[in-house]
Amino acid sequence: ELGFDSGEGARRNGYHIHLSAGDLLRAEQAANSPDGALIADFIKNGKIVPIEITIRLLEKAIVSQGATKVLIDGFPRNKENLDGWERAMVDSGKMRTKFMLYFSCEEDECLKRAMGRNQNRADDNVESFKKRIATYTSSTTVVLQEFQERGLLRKVNANGSPDEVFNETRKLFL
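We now turn to the structure provided with this report. (Residues numbered from 1 in each chain as written. Predicted model: local features only at pLDDT ≥ 70, side-chain atom pairs only at ≥ 80, totals over all residues. Heavy atoms only, no water.)

## Notes on the nonpolar core
Argument step 1. Ranked by size, the top nonpolar core spans 15 residues in total, and within it L19, I62, V70, F75 and W85 carry the most contacts.
Argument step 2. The set of elements that each furnish at least two residues to this core consists of β1 (17-20), α4 (51-65), β2 (70-73) and α5 (79-90).
Argument step 3. In terms of residue count, the dominant contributor to this core is α4 (five residues). (Core = buried A, V, L, I, M, F, W, Y, C linked by side-chain atoms within 4.5 Å. Buried < 20%, exposed > 50% of the residue type's maximum accessible area, 1.4 Å probe, protein only. Helix = DSSP H or I, 4+ residues; strand = E, 2+ residues; numbered from the N terminus.)

## Things to note about the pattern of salt bridges
Argument step 1. Tallied over the full model, the rule gives 11 salt bridges.
Argument step 2. K79 is the salt-bridge partner of D83, the closest N and O atoms lying 2.9 Å from each other. Here D83 pairs with K79, and both are found in helix α5, just four residues apart, close to one helical turn.
Argument step 3. Looking at D83, the relative accessible area reads 27%, which means it is partly exposed.
Argument step 4. Residue classification places K79 among the partly exposed residues on the basis of a relative accessible area of 30%.
Argument step 5. Note that K79 and E146 form a salt bridge whose closest N and O atoms lie 3.6 Å from each other. With K79 in helix α5 and E146 in helix α7 (residues 126-149), the pair connects residues that are 67 residues apart, well separated along the chain.
Argument step 6. Beyond isolated ion pairs, a larger network of salt bridges with shared partners links K79, D83, E86, E146 and R150. (Salt bridge = Lys/Arg side-chain N within 4 Å of Asp/Glu carboxyl O.)

Nothing here speaks to function; it is all geometry.
The structure is reproduced here in structure tokens:
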């Protein structure tokens, strides 16, 4: 499975595990691994981490948990991510992409939520957020179009309350 969702939503909808690409990258950075400094630089500058690193972390998490159904939050962010995922995981028969779940949310609302989450993340500041949004917008449009053309894009208006967004999301899994 591939798409965006909260961990609670994944559990409520029968997914074995929910993985956040961002959380995996931040954990790798915190572990002071060989890739940690590189990851830190990419995150700080609102750029997308090289696909080989992200896929390696995702596959390690999937295998270590023995999952057969996975919801990946925050991935793929660009065409290179999608192509790399498909080469490494789909074409090899390791995973199958069922759909992409896309939460559409106005930039001001996203900024308000990100600044209000109090997670003390290095990228939780207005400057980094605006860079992330610009990168996301310029990079992700082609991925959304690809999934739309394949008939595998499911959209949710995420401007509502958490309960409203959850209820709309849940309908897409039934």
